[in-house]
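Structural characterization, general
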Amino acid sequence: MSFDAPLLRIRAAVRILKGEFQMKQYQKPEVFYENFVLAEHIALCANKLGYNDIAVCTVTDGREVDDGIITGAFTEANNNCEVKMNFYCYTNSTLSSMLFIPDQSVESISFSIAGCEIRLLMPFRPEVTRGFQPFLCAPGEAPLTVSLLPVQALPEVRGRELLRNYAFAVFRTEDGFFRVFHDRREGDRPYAVGHLEQDGRETIEYLEADRGFFSETANCFSHIALEALLLQRDAMILHASFVSTRYGGLLFSGVSGIGKSTQADLWQRYEGAELLNGDRTVLRRMDGVWTAFGSPYAGSSNCFVNESRPVRAIVLLSQGSACSLRRLSPAAAFRGLYAGMTVNLWDDRYVARVCDLLAALDVPVYALTCTPDRAAVDCLKAELEHETA
């Protein structure tokens, strides 16, 4: 978002009273900044100010006037946060329910998924559920940041509704895509609004009375656009089981119930393979090598492993009375893999990026018609050994 007006009035006001910063009743700003592009120089207050996190904020301009009010407290994202006190600031955020937003105590918790740090910033520390425990990590220098903010009233989202399912509705607005989460137990009552920026930041505002929806990490991530955050690091989520073998990483993909878990189990039984994920595998190119990663989403396998392997092959499954295997052309591989990808069809840029990444995928993709027995393992194994020879 940018503003072309030649003159913008902005004021970030802090009143010092008895050693504490107090909210000053809002008055028309008296501070003038000429040729000031708001979107490039001022933080979205709820995302940046007062978090006391070294990777989130720093005050780059603070000017004091005689009455003790600090004006022009502008922030930018870098690794040198010096905010140690409560600030109030003007915000151009469409998610902001107030013109001034106070500082509050914020917990920071980080997870490493497909080599990407996902950092949650919220007013309390959620319970880390089983699937996310292996993915806990120390904070790094370049996180994808998700701010979960309690509010008294949700912001109004005006735009075209593109999708509605049992959990949320997606709207397209002038400021991008918004997800409005609703409680189907209460007639689809809205309780949270999420918005993802293109710079690795997502903001989710939720009604303070509905804190229970965010009490655990699994609940938190069910509101996070994880697939879109990961795509900003060129990582894609594929509906596939993932095993580590002596040939390398093998991924079995296909429609639900086709036998992905069965083929993974057969490779464990007959080839000593190690299951690294049973449902949602993340693909990412690392140092020129396509790599598969385990994820906190493992389906019925409950196999939550934070490990990765170079991809040896991806196998698209179908069922039959006898086993047969053929390597797919790039076009056929693209069609089969796209069908198994997590894709936000409402977002043209998202779709285009997934297509670009799939077009660059240079690992063997096979179509395996298989039976649920050792014959399927032997069929694929023979091809892998033939290509290795």
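Structure shown above.
Quick summary incoming for the structure in this document. (Residues numbered from 1 in each chain as written. Predicted model: local features only at pLDDT ≥ 70, side-chain atom pairs only at ≥ 80, totals over all residues. Heavy atoms only, no water.)

Turning to the overall build of the protein chain, a few remarks are in order. Across its full length, the protein chain holds 8 helices and 23 strands. Every one of the 389 residues in the protein chain was classed for burial, and the buried ones make up 52%. Residue pairs at least 24 apart in sequence account for 62% of intrachain contacts in the protein chain once pairs closer than 6 positions are excluded. Within the structure as shown, the protein chain displays about 18500 Å² of accessible surface, and the carbon and sulfur contribution to it stands at 48%. (Helix = DSSP H or I, 4+ residues; strand = E, 2+ residues; numbered from the N terminus. Buried < 20%, exposed > 50% of the residue type's maximum accessible area, 1.4 Å probe, protein only. Contact = heavy atoms within 4.5 Å. Areas by Shrake-Rupley, 256 points an atom, 1.4 Å probe, with all protein chains shown as cover.)

Attention shifts here to the sheet that holds strand E15 (residues 201–207). Sheet architecture is open: 9 strands sit in the order E9-E7-E8-E10-E15-E14-E13-E12-E11, paired in mixed fashion. Strand pairing shows two members of the sheet lacking a second neighbour, strand E9 (136–137) and strand E11 (160–164), which therefore form its edges. Where strand E13 (residues 176–183) meets strand E14 (residues 189–196), 6 bridges bridge the pair, whose relative direction is antiparallel. Each residue of the ladder has a partner; that of His182, found in E14, is Pro190. (Pairing = 2+ DSSP bridges.)

Moving on to helix H5 (residues 260–271). Taking 1.5 Å of rise per residue, the 12 residues of H5 would be expected to cover 16 Å, and the 16 Å separating its terminal C-alpha atoms lies within 8% of that figure. Every buried residue of H5 is accounted for by Lys260, Gln263, Ala264, Leu266, Trp267 and Glu271. Taken around the axis of H5, the buried residues stretch over an arc of 155 degrees, which confines them to a single face. In this structure, the buried residues of H5 make contact with strand E16 (235–245), strand E17 (248–253), strand E18 (274–277), strand E21 (308–319), strand E23 (365–370) and helix H8 (374–388). Downstream of H5 by one or two residues, Gly272 has phi in the positive range, about 65 degrees. (Expected span 1.5 Å × (residues − 1). Arc of directions from axis to C-beta.)

Running from amino to carboxyl end, helix H6 (residues 330–340) crosses helix H7 (residues 348–359) at an angle of 135 degrees, the nearest separation of the two axes being 10 Å. When the axes of H6 and H7 are compared, the pair comes out oblique. As for the relative orientation of H6 and H7, their crossing is right-handed in sense. Facing H6, whose interface residues are Phe334, Leu337 and Tyr338, H7 presents Val351, Val354, Cys355, Leu358 and Ala359. (Axes fitted to C-alpha atoms, helices over the stretch in contact; angles between N-to-C directions. Parallel < 35°, antiparallel > 145°, perpendicular 65-115°, else oblique. Left-handed = near helix turned anticlockwise from the far one by under 90°.)

Glancing now at H8. Here H8 contains 15 residues, and its C-alpha end-to-end distance of 21 Å stays within 8% of the 21 Å for a straight helix at 1.5 Å per residue. Within H8, the full set of buried residues consists of Ala376, Val377, Leu380, Lys381 and Leu384. Buried residues of H8, seen end-on, are gathered within an arc of 120 degrees and therefore sit on one face of the element. Where the residues of H8 are buried, they touch E17, H5, E21, strand E22 (324–327) and E23.

Our focus in this paragraph is the packing of H5 against H8. To describe two helices that pack against each other, one gives the angle between their axes and the distance between the axes. Where H5 meets H8, the closest approach of the two axes is 9 Å, and the angle between their N-to-C directions is 75 degrees. Judged by the inter-axis angle, H5 sits roughly perpendicular to H8. Residues Gln263, Leu266, Trp267, Tyr270 and Glu271 of H5 pack against Arg374, Ala376, Val377, Leu380, Lys381 and Leu384 of H8. When the residues that make up the contact of H5 with H8 are grouped by side-chain class, the tally is 7 nonpolar, 1 polar and 3 charged. (Nonpolar A, V, L, I, M, F, W, Y, C, P; charged D, E, K, R; others polar.)

Moving on, we come to the nonpolar core. In this structure, Leu120, Phe214 and Ile314 are the most contacted members of the largest nonpolar core, which totals 91 residues. Once you skip the residues sitting within four places of it in the chain, Leu120 turns out to touch Glu107, Ser108, Ile109, Phe111, Val146, Leu148, Cys220, Phe221 and Ile224. Ranked by size, the runner-up nonpolar core spans 5 residues in total, among them Phe171, Phe178, Val180 and Val193. (Core = buried A, V, L, I, M, F, W, Y, C linked by side-chain atoms within 4.5 Å.)

This part covers the pattern of salt bridges. Taken as a whole and judged by the stated rule, the model has 20 salt bridges. Two residues, Asp210 and Arg189, come together in a salt bridge whose shortest N-O distance is 2.9 Å. Of the two residues, Asp210 sits in the loop between E15 and helix H3 (217–223) while Arg189 sits in strand E14, which places them 21 residues apart along the sequence. Between Arg309 and Glu307 there is a salt bridge; the shortest N-O distance is 3.1 Å. (Salt bridge = Lys/Arg side-chain N within 4 Å of Asp/Glu carboxyl O.)

These results come straight from atomic positions and should not be treated as a statement about function.
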